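# Coordinate inspection notes
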Amino acid sequence: MTGRPNIVFITADQQRADCFGFEGRKVKTPHLDRIAEEGTVFRACITPNPVCQPARASILTGQLPRTHGVADNGLDLPPETGAKGFAGALSAAGYHTALIGKAHFATSHTFEATGTPECRQSMDRFGPDWTGPYMGFDHVEMVVEGHNQWDPMAPPGGQHYERWYYADGHGEEKNRLHRENGGPDTRGAPQTWHSSLPPAWHNSSWVGDRTVAHMAERVRADPDTPFCVWASFPDPHHPFDAPLPWSLLHDPAEVDLPPHRTLDLDRRPWWHRASLEGEPQIRDDLAKIRKDYSRIGELSDAHLREIIANTYGMLSLIDHNVGRIFAELHRLGIADNTLVIYASDHGDWLGDHGLLLKGPIPYEGLIRVACLVWGLDTPAGKRVDEPVSTLDVPATLLDYAGAEPLHAMHSQSLRPLIETDTASRDFALNEWKLHPSRTGIELDLACVRTETAKLIVDRASGVGEMYDLAEDPDEMVNVADDPAYAALRRELEEMIATRPDDRVELVEPVGMA
């Protein structure tokens, strides 16, 4: 390695840790499989929170959600906190920093205008020439949400992707094509269709295009300044709308189904059922979105096959663009001095225990996430089973860059685990303070995961669930109140209690998400 390395941080939205070809699932991810073959995979990496805004704020700041203040969706990351995250620290150390794609550090669906570039009611205040700075990044090119339940906002709404999408005057035609199911019948699977939108106009392609172009521009304009670019893909988040022909790449009849896909709420903690059946305490139009878009009822195997096949198609399109980013690194001659990390903000139940999407039921499919590291002196083919978190990304990036943090972080560098076989970790933490606006109930969940066990406790009611992951990897038996596991529960509770007492006072939500 010569000089300070460039950094390419790539994320997907709502990708489980097991949704790769190299993990044995029947999904075509050849470029990501190569990263795993040539780099290091963290097999017990969890998200600090199971939904977008808190998880992304933690990835940026290196702080747990109750410390940076974004304890749930609908809460904005304070700009002064965001500016001190890894992007601001790298910029202060002489890096050029950029984010391309989905940010979601601030709320889009708000009760009123909040003045942020991500708020649907105020983004028109940012003109077509605005490219940041934002949350510590010198340069941003954003996709607003990027989940195609809604058409991209036409200018003066939207941001960079949306302006590009409508610039040729064919935006409404693209919207019509996106809503059109151009492939086989999806047999009534909810939120699932074969989008007729040509992939060239899809936001995954745009993130790949702009990342490739940005790297080339940085090398051309200022080859002596290292860069850090976060390429943030909005998929495979629902709706399940992979564009043709990517949506046809995986045959629904051949995808793998989870072994246990039946709801069993009667033997789970009280909040499982309550969170699925409660009435969101929020404005009626937003409550309808919560119920119709963020919840999906019981599924048949036929429905689940269609959903998984479509999810795989979205992942393969992301994988294709990851391959393009790598090809550009090699074309530019900078691959040997570039660190690449691929991760996701959170997972998806994807049929586990009869559930789909996400919520306050932190099964492994939801909280265990991708974390692949490639480049520099990263050992090829190494697998790390120590429990870590995407919270550790900031400290890792600063470590490799030789930069200092701008504020206190819970983040710990992954570098010792990558470069040695002697470093170790005992546990990783996850937390979620749910406002009744999400599911109609209030929860204060604290979660700890070790290499072989997991405990979740609702601080308000004291009720917990615990799983012996070594003996019960599918999380079928809640042993939280089993006397035979009392000593393990005490040990895990002590781990939760190590969380620093630096929680901030939470404010009321400014919107939904």
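Throughout what follows, the structure given in this document is the object of discussion. Counting restarts for each chain, with residues numbered from 1 along the sequence as it is written. Two thresholds apply to this predicted model, a pLDDT of at least 70 for residue-level local features and 80 or more for giving and counting side-chain atom pairs, whereas whole-chain, interface and lining totals are computed over all residues. Side-chain measures here rest on the full set of heavy atoms in the structure, leaving out hydrogens and waters.

A word on the pattern of salt bridges. One speaks of a salt bridge when a side-chain nitrogen belonging to Lys or Arg is within 4 Å of a carboxyl oxygen belonging to Asp or Glu. Enumeration over the complete set of coordinates arrives at 44 salt bridges. A salt bridge links Arg66 to Asp444; its shortest N-O distance comes to 3.6 Å. Here the residue Arg66 occupies a position in helix 3 (residues 65-68), and Asp444 occupies one in strand 12 (residues 443-449), the gap between them amounting to 378 residues. Each member of the pair, Arg66 as well as Asp444, carries the same accessibility label: buried. Among the ionic pairs, Arg283 bridges to Asp285, the shortest N-O distance being 2.7 Å. Its relative accessible area of 37% is what places Arg283 among the partly exposed residues. Sharing partners across several salt bridges, the network here consists of Arg16, Asp18, Arg25, Asp256 and Asp352. Under the DSSP-based scheme used, a helix requires at least four consecutive residues in state H or I and a strand at least two consecutive residues in state E, with every element numbered from the N terminus. Think of it in three bands: residues with accessible area under 20% of the maximum for their type are buried, residues over 50% are exposed, and the middle band is partly exposed, with areas taken using a 1.4 Å probe on protein chains only.

A word on the sheet that holds strand 1 (residues 6-12). In any sheet, the strands associate via hydrogen bonds between backbone groups, in a parallel or an antiparallel arrangement. Any two strands with at least two DSSP-identified bridges between them are counted as paired. Here we have eight strands laid out as an open sheet, ordered 5-4-6-1-7-8-2-9, and mixed in their pairing. Two strands in the sheet have a free side with no partner beyond their single neighbour: strand 5 (139-143) and strand 9 (382-384). Averaged over all pairs of adjacent strands, the angle between strand axes in this sheet comes to 10 degrees, irrespective of strand direction. Across five bridges, the pairing between strand 1 and strand 6 (residues 227-232) is parallel. Looking at strand 6, one finds that Ile7 is bridged to Cys228. Residue contacts are defined here by distance: any two heavy atoms, one from each residue, within 4.5 Å place the two residues in contact. Fitted lines through C-alpha atoms serve as axes, helices being fitted only where they are in contact, and the angles separating the N-to-C directions of these axes extend from 0 to 180 degrees. Contacting strand 2 (40-42), strand 7 (338-344), strand 8 (371-374) and strand 9, helix 1 (residues 30-38) runs over the sheet at an angle of about 65 degrees to strand 8. Against the sheet, helix 8 (residues 203-221) contacts strand 1, strand 4 (96-102), strand 5 and strand 6, and its axis sits at roughly 165 degrees relative to strand 4.

Moving on to the environment of Arg179. Topologically, Arg179 is positioned in helix 7 (residues 171-179). Residue classification places Arg179 among the partly exposed positions, given a relative accessible area of 48%. When the C-alpha atoms of Arg179 and Asp241 are compared, they prove to be 8.8 Å apart, with 62 residues separating the residues in sequence. For Arg179, the residues in contact, after removing those within four places along its chain, are Asp151 and Trp193.

Quick look at helix 16 (residues 486-497) now. Given 3.6 residues per helical turn, the α-helix brings residues three or four places apart onto the same face. Each helix should span, by expectation, one fewer than its residue count multiplied by 1.5 Å. Given a rise of 1.5 Å per residue, twelve residues ought to cover 16 Å, and the 16 Å separating the end C-alpha atoms of helix 16 matches this to within 8%. Taken as a whole, helix 16 has its buried residues at Arg489, Leu492, Met495 and Ile496. Along helix 16, the residues classed as buried sweep out an arc of 115 degrees about the axis, all on the same side. Turned more than 90 degrees off the buried face of helix 16, the exposed positions are Glu494 and Ala497. Structurally, helix 16 contributes buried residues whose contacts are with strand 11 (428-434), strand 12, strand 13 (453-458) and strand 14 (464-468). Within this analysis, the arc is defined by the directions that extend from the helix axis to the C-beta atoms.

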